[in-house]
Amino acid sequence: MGDRMSSKKKTNGKNNKNSRSNPKRNKQTVVHFSRNLTILCIIAVLFGIIAYRSLNIYSQEKILEYPAEQSVTGYSVAETNYTIADANEHYIEYTFEERNVRVFWINMNAEAPVDNHFEIDTFLDDQKVEHITTGVGQGQYAEKTYLNHKPINRIRFSTDQDISLESVYIEHLQEASLAQKRTLQKQILVLLVVLILISCWLAKKEKLENIINNSINGIKGAGEYVKQHPKQLGISALLYVLAGVCGWLLRNIYFIVIRHGTWQWTTRSTIYGVVLGLLGYEIIKYLFIVKKRTFEMLFLRCGVILCVGLTLLLPLRLNVSWDDQTHFINAAGASHLQNSTLSIAEEDFYYTCYLGQLKSYSMTEEPRLRQILNDPSARVAESSDQPVLINFRTVIYLPAILVFFFARGLGIPMSAMVVLGRLASALFYLIVIYLGMRHLKSGKMIMAAVALMPGAVFLVSNFNYDYWLIALVAYSIAYLIGEYQHQEKILTVKDIVLIFGTFLVGILAKPVYIPLLGLAAFLPKEKFKSVKWRRVYRCFFGGVVVLAVLGFAVLIFGGGLGSGDMRGGEVVNAAGQIQYILSNPMKYTGLLLSYLRFQYLNMTMFKAFIVQTAYYWSIPALAMPCLIWLVVVTVLDRRRDDVRPVGCPIKITVLPLAFASVCCVATAMYVTFNEVGAATIEGCQGRYLWPIMTPLFLTLGQIRFLTIPRNDKVERWIEGVGMMLSVILAACMLTEFL
């Protein structure tokens, strides 16, 4: 009995000791339900208001009206044909009731054999309102002319050429019926009720309590820091301003002294000068002032400055980058959360790549273009003329979709939405690359050098899906290489999900890069906590490979590519091309290898795509320095202790895997872009090599041969100078848009 009592006391003592040694385990968080619920409800209401303002494009509706032909002067008329007569004036007048006309449409019976030039004058009674010079280009049959959206009741149209008109009509906006608007209001109310119910459930959770407490403490801490360090913050802000001013001054001094030009007061020149100054200041801070700043943070800061500058310098129109009009309309349409829906303002921006008037305004009269795009009535009017479909691949536009959704809800003008949409893609790219770099011991400079190449910075700062593909593939491979480098770390389920998940989500845009995932096949046995876990991983990897092969087979040979890319012409037939390849495998293999050897994988292509800026004149002189810098940084950014754990198999197989990816890219383009049995492969652009660049150079950088030992101080200087060289190369590309 005594022994049992003694044992019980010892046990109780032990339990009490454990309790005292772990006070946090028994400490219960006090949940402030009322406060949490109030905060969540306020957020829900604000989100509902933003959602309603963003999705409400039903306040105005587009009306097309055919005006009456009032008079014809200086033409002989035969049905719809207007022939120039011997007269001092030539014009056709159309009248209608007073309207705030936005657009004047001119439709011809046939394509114009030559460029036609038109003069359009608008009147309110006898008072002239506006004069516009426009026209229908050769091969076109219609012109959409934007007016200043002011009240008019008469339009005078004149040309000094014979013309055959099918129709002329005006477009204006008027108050829409309330049916769709009320439907949207009901949907938003239902959303609010759901959000409030979810808020009631979340308000009781300890995790939410901790999040809110941390947020409040963070805000209080920031406020206290501002109060305690006003001088330091003021000096820091002043230094950034001075850096921008110094950059602008030095840029102008260079332009005057070296280029023998004049002082540049333009907005674009100022933006460029400020970008140069801020980049220089960030590198100086890294080397001399903020010694604790990591290289990846330096990359992120410099990358943000570069991309913000570029998005501000890019023209306010589409057809700047490859197929950007398609990617813009997909992102803008998806932000309305339903198919084939755009606001008229978004449709107007879409037309900047087609209409001569808008193209001209983007180059010579940007304020006038901003006036058209920022028309408040056009923001709340629906256009369903463009076919936009939402599917699982729409996720690749997620950053731009979110920006468009919230920007509309906050009332941000369309011209600013365009800049923010481009910037959203670039920031996603930079942040994902930054996160990937954090997993590496060495190789960070290689990732930064590839990510900030002129062609890459241009590409990710425009509307496309390349930013998504390049960033997520680079993150996945960087995470994987980091696992090889950290040989002491055991692989977890989270690691596997991040490596494979980000890669597979990234290649949603183009599954042809699946061979690169083969780099994950060589993880050493030390990375697994047991033999069983290693076998499970091998089975998982094998399953992913089998599914990838089946998916790629369905994509290429099962009709997943559809009928083909219509940009290749009417002769494109994907099914027929696949049948041709299967019937002539040796002939196609010879064609593929010949194309890759002599046209695609050669120095000319490498020098072109690495600095290529689509439809703008690139700087060929930058190409060779960029290639040399990539080779140099691949050699420099290695430490023996970091690269030793990375085994030989991954270094040996990276070249075959990269080559297999290129073969898949070329084959996909041959199937979707070329006529059946074509003797060459057309449409295979250099930008398709960007997703391969980081995996290739990062893996080659793990070779142990000729590693250069150095201390941390030398390493920091190498990193700082390396970043300086990368941003200089990228900044040279920005001059194309001044």
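Residues numbered from 1 in each chain as written. Predicted model: local features only at pLDDT ≥ 70, side-chain atom pairs only at ≥ 80, totals over all residues. Heavy atoms only, no water.

1. A look at the overall build of the protein
- Counting its secondary structure elements, the protein contains 28 helices and 12 strands.
- C-alpha extents for the protein along the principal axes are approximately 125 × 70 × 60 Å.
- For the protein, the residues scored as buried account for 49% of the 738 residues in total.
- Taking contacts inside the protein between residues at least 6 apart in sequence as the whole, the part at least 24 apart equals 80%.
- With an accessible surface of roughly 36,000 Å², the protein has 62% of that area assigned to carbon and sulfur atoms.
- For the protein, the separation between the mean place of its 72 positive charges and that of its 54 negative charges on side chains is 25 Å. (Helix = DSSP H or I, 4+ residues; strand = E, 2+ residues; numbered from the N terminus. Buried < 20%, exposed > 50% of the residue type's maximum accessible area, 1.4 Å probe, protein only. Contact = heavy atoms within 4.5 Å. Areas by Shrake-Rupley, 256 points an atom, 1.4 Å probe, with all protein chains shown as cover. Lys, Arg positive; Asp, Glu negative; His and termini not counted. Charge placed at Lys NZ, Arg CZ, Asp CG, Glu CD.)

2. Considerations on the side chain of Lys510
- By the element assignment, Lys510 lies in the loop between helix H19 (493-506) and helix H20 (531-557).
- It turns out Lys510 is buried and unbridged, and the closest side chain with the opposite charge, Asp466, is 6.7 Å from it.
- A distance of 3.3 Å separates a polar atom in the side chain of Lys510 from a polar atom in the side chain of Tyr465.
- Lys510 has contacts with Tyr465, Leu469 and Tyr688, leaving out every residue within four places of it along the chain. (Salt bridge = Lys/Arg side-chain N within 4 Å of Asp/Glu carboxyl O. Polar contact = N/O pair within 3.5 Å; in protein donor to acceptor, adjacent residues only side chain to side chain.)

3. As for helix H16 (residues 444-451)
- Counting buried residues in H16 gives eight out of eight residues, a clear majority hidden from the surface.
- Taken together, the buried positions of H16 are Lys444, Met445, Ile446, Met447, Ala448, Ala449, Val450 and Ala451.

4. Remarks on unusual backbone geometry
- Even without a glycine there, the phi angle at Glu79 is positive, about 60°.
- Counting through the fold element by element, Glu79 comes out in the loop between strand E3 (75-78) and strand E4 (81-84).
- Overall, Glu79 belongs to the exposed group, its relative accessible area being 76%.
- Positioned with a positive phi, Ala614 is a non-glycine residue whose angle comes to about 55°.

5. Looking at the environment of Ala520
- Secondary-structure assignment places Ala520 in the loop between H19 and H20.
- Among the residues examined, Ala520 registers a relative accessible area of 0% and is labelled buried.
- Considering only alpha carbons, one finds Ala520 and Pro454, 66 residues apart in sequence, at a separation of 30 Å.
- Apart from the residues within four sequence positions on either side, Ala520 is in contact with Leu480, Tyr484, Phe500, Tyr537 and Phe541.

6. Considering the pattern of salt bridges
- Within the structure shown, the criterion is met by 26 salt bridges.
- Taken together, the shared-partner salt bridges connect Arg102, Lys144, Glu171, Asp348 and Asp375 into one network.

7. With respect to the nonpolar core
- In this structure, Phe104, Phe157, Phe299, Tyr429, Ile610, Trp690 and Met723 are the most contacted members of the largest nonpolar core, which totals 202 residues.
- It is helix H18 (residues 466-485) that contributes the most residues to this core, 15 residues altogether.
- Other than its neighbours up to four places away in sequence, Ile610 contacts Met453, Pro454, Gly455, Ala623, Cys626, Leu627, Leu630, Trp690 and Met693.
- Counting residues in hydrophobic clusters, the runner-up holds seven residues, among them Ala51, Tyr58, Leu184 and Phe405. (Core = buried A, V, L, I, M, F, W, Y, C linked by side-chain atoms within 4.5 Å.)

8. Topic: the state of the cysteines
- Evaluated as defined, the whole model comprises zero disulfides.
- Cys664 takes part in no disulfide bond, and the closest cysteine sulfur, belonging to Cys663, lies 7.0 Å away.
- Cys664 gets classed as buried once you look at its relative accessible area, which sits at 14%.
- Free of any disulfide, Cys732 has its nearest cysteine sulfur in Cys626, 8.6 Å distant.
- Assessed through its relative accessible area of 27%, Cys732 is described here as partly exposed. (Disulfide = S-S within 2.5 Å.)

9. A look at the packing of helix H3 (residues 33-55) against helix H5 (residues 206-228)
- In the contact formed by H3 and H5, the axes pass within 11 Å of each other and the chain directions differ by 75°. The angle between the axes of H3 and H5 places the two elements in the roughly perpendicular class. Contact residues: Arg35, Asn36, Ile39 and Leu40 in H3; Leu208, Glu209, Ile212, Asn213 and Ile216 in H5.
- Along the lines of polarity and charge, the residues of the contact of H3 with H5 split into five nonpolar, two polar and two charged. (Axes fitted to C-alpha atoms, helices over the stretch in contact; angles between N-to-C directions. Parallel < 35°, antiparallel > 145°, perpendicular 65-115°, else oblique. Nonpolar A, V, L, I, M, F, W, Y, C, P; charged D, E, K, R; others polar.)

10. Things to note about the pairing of strand E6 (residues 116-124)
- Pairing geometry for E6 and strand E7 (residues 127-136), over nine bridges, is antiparallel. Each bridged residue has a counterpart across the sheet, and for Phe118 the counterpart in E7 is Thr134.
- Here E6 hands over to E7 after two residues, with Asp125 in that stretch at a positive phi of 60°.
- For E6 and strand E9 (residues 151-158), the ladder comprises five bridges, and the chain directions are antiparallel. Residue pairing for E9: Ile120 is matched across the bridge by Phe157. (Pairing = 2+ DSSP bridges.)

11. Overview of the pairing of E3
- Where E3 meets E4, four bridges bridge the pair, whose relative direction is antiparallel. The partner of Val77 across the bridge, within E4, is Tyr82.
- Hairpin geometry of E3 and E4 is characterised by an intervening segment of two residues between the two adjacent antiparallel strands and by a positive phi of about 60° at Glu79.

12. Overview of the packing of helix H6 (residues 230-257) against helix H7 (residues 267-289)
- At a minimum axis separation of 6 Å, H6 and H7 run at an interaxial angle of 120°. Taken together, the axes of H6 and H7 are oblique relative to one another. You can see that H6 and H7 cross each other, and the crossing is right-handed. Residues Leu239, Tyr240, Ala243, Gly244, Gly247, Trp248, Arg251 and Asn252 of H6 touch H7, and the partners they reach there are Ser269, Thr270, Tyr272, Gly273, Val274, Leu276, Gly277, Leu278, Tyr281, Glu282 and Lys285.
- For the contact of H6 with H7, the residue count by class is nine nonpolar, seven polar and three charged. (Left-handed = near helix turned anticlockwise from the far one by under 90°.)

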